[in-house]
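# Coordinate analysis (summary)
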Amino acid sequence: MSTTVEPKESRRRPPRRLRSLAVASTAATLALGLVACSGGPASTNAVEGSGGKTSIETTLAFTLSSGFDPGNASSAVATAVNQHTFEGLIDLDPVTREPYRALAKEDPVASADGLTYTVAVRDGAKFSDGTPVTAEDVAWSFTRVLKPADPKAPPLMQGFVSFIDSVTAKDATTAEFKLKYPFALFAERIAVIKILPKAKTADAAASKAFDTAPIGSGPFKLDSASKESGVKLSKNPNYNGPRPAKVETMTWNTTSEASARVSDLQGGRVQAIESVPYLNVDSLKDKYTVDVKQAFNQVFLMFNSSAAPFNDKRVRQALHYAINKDEVIKTALNGYGSPATSYLDEGNKDYQKAATVYDYNLEKAKSLLQEAGVTNLSFQLDTTDNSVVKDVAPLVIEQWKKIGVTASLNTVPSSAIYGDIVPKDTFRVLMATGDPSVFGVDTDLLMRWFYYGETWPGLRYRWNATDRKAMADLLDKAAQTSDETARKALWKQALDKVADEAPLYPILHTKVVTAYDPAKLSDFSGAATTGLYFLGASRKG
């Protein structure tokens, strides 16, 4: 069961499969904006780059809104940075989503009963500070997520690896994993845990410092980063893995202003931009390469399911049936999206159509409200300041008026939404975007992000305990099922349940659009997730 590591020069060929892994499909995404075809202001959050063939400059669509500790980092900028500065034992190519050996020397080796795995660390692997990567670092990186110092504040990644009981160092370079039950997706799933030095994260104070000054074993190291000034990275001289840096430095400007990103590209200031405004796609095609990919990224509605009248699923369903999704996609996204027919986007290899599909049906919506005894419904629709959401929300509010529902619009940054508005008892309905596919694209991972644990089901949309347990049981049972057909059947039950209950459920899945200058970049492609990825990319021209 050996596997050849991808040749260093073949960045944009799909990496050869780890034969023991299920193939990850392309899915995922990004939030995209709409602006006119004229240029705009320069990026507001910019860093001076060195320029020339030794540097790559880009402009991202989001500003930094979290730290870099890979156990908790979930912001678009931080997760993209971490893909360049950290490694897992196994990593998923951010573009093809194929698994490949990163820090692992060989494929994970399973015991006969599937309850124990051993993984050896790549020979000579070092962190960017020059210290060697050891099996103790591997064990610690998993243990601090599985068994955090504060159990009441579990790391975000914990729910993805709940099938692991313990990880220990078998010797200096070999880590041993003990599982609670056999887990067919073990090798590709451990990609969510990036390996970091135990010596730099051994206690709370060290971990807090590490969050802003991370040290990893990836091909690049982080030199500086802030919400105001963007990100600067440079080549990690100690890297000896399969994806070596081909430029000395990278400069990542950040701005949510869509016109600024287009201006940066057209003005030659950068070689690539993410989240190309849909109305600018045609005008950029003549000179630049424009990648369009169907993505998982969804615009969703989330309800306070413990507060009347939204504790009645018929009210939640009515609001979904009242949305003319085709019209919203045509008007707000210029056609670059697809109506949700499942929690999964239709490009996902495991896609299954949900038993409940919210086609546009005003009579059905009115009937459900009548059955629920709800009249003259009025509420505040909170939304994030994501560009797609800002374009979609007013259209949806207008459509709800046709069923006698009035919603006022309140748009604020994501940090305020989840830090202040959603936790309050006064919260009722949220429209936002979400894309856990940046961590992986299998059904188990994607569903656990929104429907498992406490963060989303318990604290945010307040799903009742019975439904939360039923969902957790379904996902756990599927995870323990070795038969692929049986596992997919259990996933179908889970997909049907969230479609029917709709405590948090997508309206649509977007398409991701990336643009870059082919005269200045080699071996680069846009991803179907948030962020831009330059593993193996180089400058030319």
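Here is a short report on the structure shown in this document. On a predicted model such as this, the values are computed, not experimentally measured, just so you know.

Conventions and cut-offs
- Residues numbered from 1 in each chain as written.
- Predicted model: local features only at pLDDT ≥ 70, side-chain atom pairs only at ≥ 80, totals over all residues.
- Heavy atoms only, no water.
- Axes fitted to C-alpha atoms, helices over the stretch in contact; angles between N-to-C directions.
- Helix = DSSP H or I, 4+ residues; strand = E, 2+ residues; numbered from the N terminus.
- Parallel < 35°, antiparallel > 145°, perpendicular 65-115°, else oblique.
- Left-handed = near helix turned anticlockwise from the far one by under 90°.
- Contact = heavy atoms within 4.5 Å.
- Nonpolar A, V, L, I, M, F, W, Y, C, P; charged D, E, K, R; others polar.
- Core = buried A, V, L, I, M, F, W, Y, C linked by side-chain atoms within 4.5 Å.
- Buried < 20%, exposed > 50% of the residue type's maximum accessible area, 1.4 Å probe, protein only.
- Phe/Tyr/Trp six-rings, centres within 6.5 Å; stacked < 30°, edge-to-face > 60°.
- Pairing = 2+ DSSP bridges.

Further remarks concern the packing of helix α7 (residues 313-321) against helix α9 (residues 362-371). Put simply, α7 and α9 touch, their axes get as near as 8 Å, and they point 160° apart. Viewed along their axes, α7 and α9 adopt a mutual orientation that is roughly antiparallel. For the element pair α7 and α9, the recorded crossing hand is left-handed. Residues R314, V315, Q317, A318 and Y321 of α7 form the contact with α9, whose participating residues are L362, K364, A365, L368, L369 and E371. Grouping the constituent residues of the contact of α7 with α9 by class yields 7 nonpolar, 1 polar and 3 charged.

Attention shifts here to the nonpolar core. Within the largest apolar cluster, 152 residues are counted, with the highest numbers of intra-cluster contacts made by F142, F177, Y343, W400 and Y451. Apart from residues no more than four positions distant in its own chain, W400 is found in contact with L301, L319, A322, I323, F379, L381, V405 and A407.

As a further point, take the packing of aromatic side chains. Two measures describe an aromatic ring pair: the distance that separates the ring centres and the angle between the ring planes. Taken as a whole and assessed by the stated rule, the structure comprises 29 aromatic pairs. Taking 5.9 Å as the distance between ring centres and 50° as the angle between the ring planes, the aromatic pair formed by F160 and F439 counts as tilted. One end of the pair, F160, is in the loop between α2 (135-146) and β6 (164-169); the other, F439, is in the loop between β16 (429-434) and α12 (443-451), and 279 residues separate them in sequence. The pair F160 / F439 is uniform in exposure class, with both members buried. With centroids separated by 5.3 Å and ring planes inclined at 75°, the aromatic side chains of F296 and Y343 adopt a geometry described as edge-to-face. Note that F296 is positioned in strand β12 (residues 289-303) and Y343 in the loop between β13 (337-339) and α9, a separation of 47 residues in sequence. In terms of burial, F296 and Y343 fall into one category: buried.

Moving on to the pairing of strand β17 (residues 504-516). Most of β17 sits inside the fold, with 12 of its 13 residues counted as buried. In terms of strand pairing, strand β11 (residues 272-273) meets β17 through 2 bridges, oriented antiparallel. Bridging from a neighbouring strand, A272 pairs with Y516 of β17. The pairing of β12 with β17 spans 11 bridges and is antiparallel. If you follow T289 over to β17, its bridge partner there is Y516. Bridge count between β13 and β17: 3 bridges; the pairing is antiparallel. Note on β17: the bridge partner recorded for S338 is H509.

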